[in-house]
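Residue-level listing of the chains:
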Amino acid sequence: MGKRTKADELNCSGCGYDNCREYAVALLDGKAEREMCISQMRKEAQNQASVLLRKMPYGVVLVDENLRIVDTNAKFIDFGGEEITMISDALGGLAGADLRKIVSFHKYFAAVLASGEETSEFDIREDKRNLKLSIISIRPNKLVCGIIQNMDDSHLMKEIISEKIREVIKQNAESVQRIAYILGESASFTESVLNTVIDPDKK
Ligand code: SF4
């Protein structure tokens, strides 16, 4: 159950037992089920959500109310350029970094965080690139998810990548449920968000 050290024993009672040891005994006796440990289920769901995030063909970034990066995929880091990629490599990611120092289009994130708008689309022209930015409020005014596409990518590549990601979502129906669980949203809402990644024009 992922509890190897004393520190792993949170004793939060989320499973309905007073502590992790009582739960472990019940589990061994066949009186409890592994899905009852909230902390372990959350950890597994986060791992699966993280894998899904990394497979996305577009840049994806989660940003909090202070414009601090919560998580990104590698594709997003590419948008920051060579220097940001080197910093990310050195630090093992960009979690905690100030978005204003990473990308020039941070003002759109600030605007959506301020408004709490559910979904917003922006066309951005910078460094001779045409970018499409979709920002989705995960927790209005608190946490947003930005999806960035380079519109200069060939149409054919987009089709191929979209097909691949459709397959990933299909094969990960359970992950969708779990992401929904983490985000506190319904699975259908979460699936529609993921489908927006495949087809940004579909809302
Ligand atoms: S939910 Fe998990 S972490 Fe919390 S007391 Fe039960 S077994 Fe321990």
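From a predicted model like this one, the values you see are computed outputs, not experimental measurements. (Residues numbered from 1 in each chain as written. Predicted model: local features only at pLDDT ≥ 70, side-chain atom pairs only at ≥ 80, totals over all residues. Heavy atoms only, no water.)

Topic: the overall build of the protein
For the protein, the count of helices and strands is eight helices and five strands. Along the chain direction, N to C, the helices and strands of the protein fall in the order α-α-β-β-α-α-α-β-β-β-α-α-α. Within the span of the protein, comprising 203 residues, buried residues form 40% of the whole. Looking at the protein alone, contacts between residues at least 24 apart form 45% of all its contacts between residues at least 6 apart. For the protein, the exposed area adds up to about 11900 Å²; of that, 51% sits on carbon and sulfur atoms. (Helix = DSSP H or I, 4+ residues; strand = E, 2+ residues; numbered from the N terminus. Buried < 20%, exposed > 50% of the residue type's maximum accessible area, 1.4 Å probe, protein only. Contact = heavy atoms within 4.5 Å. Areas by Shrake-Rupley, 256 points an atom, 1.4 Å probe, with all protein chains shown as cover.)

Here's the deal with the packing of aromatic side chains
Inspection of every chain in the model, using the stated rule, returns two aromatic pairs. For the ring pair Y108 and F122, a centre distance of 4.5 Å and an interplane angle of 40° mean the geometry is tilted. Of this pair, Y108 sits in helix 5 (residues 106–115) while F122 sits in strand 3 (residues 119–126); the two residues are 14 residues apart in sequence, bridging distant segments of the chain. Both residues of the pair, Y108 and F122, belong to the buried class. (Phe/Tyr/Trp six-rings, centres within 6.5 Å; stacked < 30°, edge-to-face > 60°.)

Thoughts on the sheet that holds strand 1 (residues 59–64)
Taken in spatial order, the five strands line up as 2-1-5-4-3 in an open sheet, and their pairing is antiparallel. In this open sheet, the two strands that pair with only one neighbour each are strand 2 (69–72) and strand 3. Within the sheet, the average angular offset between the axes of one strand and its neighbour, ignoring direction, is 20°. Bridge count for strand 1 against strand 5 (residues 143–150) is six bridges, and the pairing is antiparallel. (Pairing = 2+ DSSP bridges. Axes fitted to C-alpha atoms, helices over the stretch in contact; angles between N-to-C directions.)

Thoughts on the pairing of strand 4 (residues 129–139)
Of all 11 residues that make up strand 4, nine are buried, and the element is covered over most of its length. As judged from the eight bridges shared by strand 3 and strand 4, these two strands associate in the antiparallel manner. Paired with I124 across the strands is L131, a residue of strand 4. Once strand 3 ends, the chain turns through two residues before running back antiparallel as strand 4, passing D127 with a positive phi of about 45°. Pairing analysis gives eight bridges linking strand 4 to strand 5, with the strands arranged antiparallel. Among the inter-strand pairings, I135 is bridged to a residue of strand 5, identified as G146. Between the antiparallel neighbours strand 4 and strand 5 lie three residues, among them N141 with a positive phi of about 70°.

Here we look at the site of the ligand
Residues in contact with the ligand amount to 13 residues; listed here are only the nearest, C12, S13, C15, C20 and C37. Taken together, the elements giving at least two residues each to the shell around the ligand come down to helix 1 (20–28) and helix 2 (38–55). Of the residues assigned to the shell around the ligand, the class counts are seven nonpolar, five polar and one charged. (Near = heavy atom within 4 Å. Nonpolar A, V, L, I, M, F, W, Y, C, P; charged D, E, K, R; others polar.)

So, the pairing of strand 1
Looking at chain direction, strand 1 and strand 2 are connected through three bridges and run antiparallel. Looking at the pairing, L62 lines up with D71 of strand 2. Linking strand 1 to strand 2, which pair antiparallel, is a turn of four residues; within it L67 sits at a positive phi near 60°.

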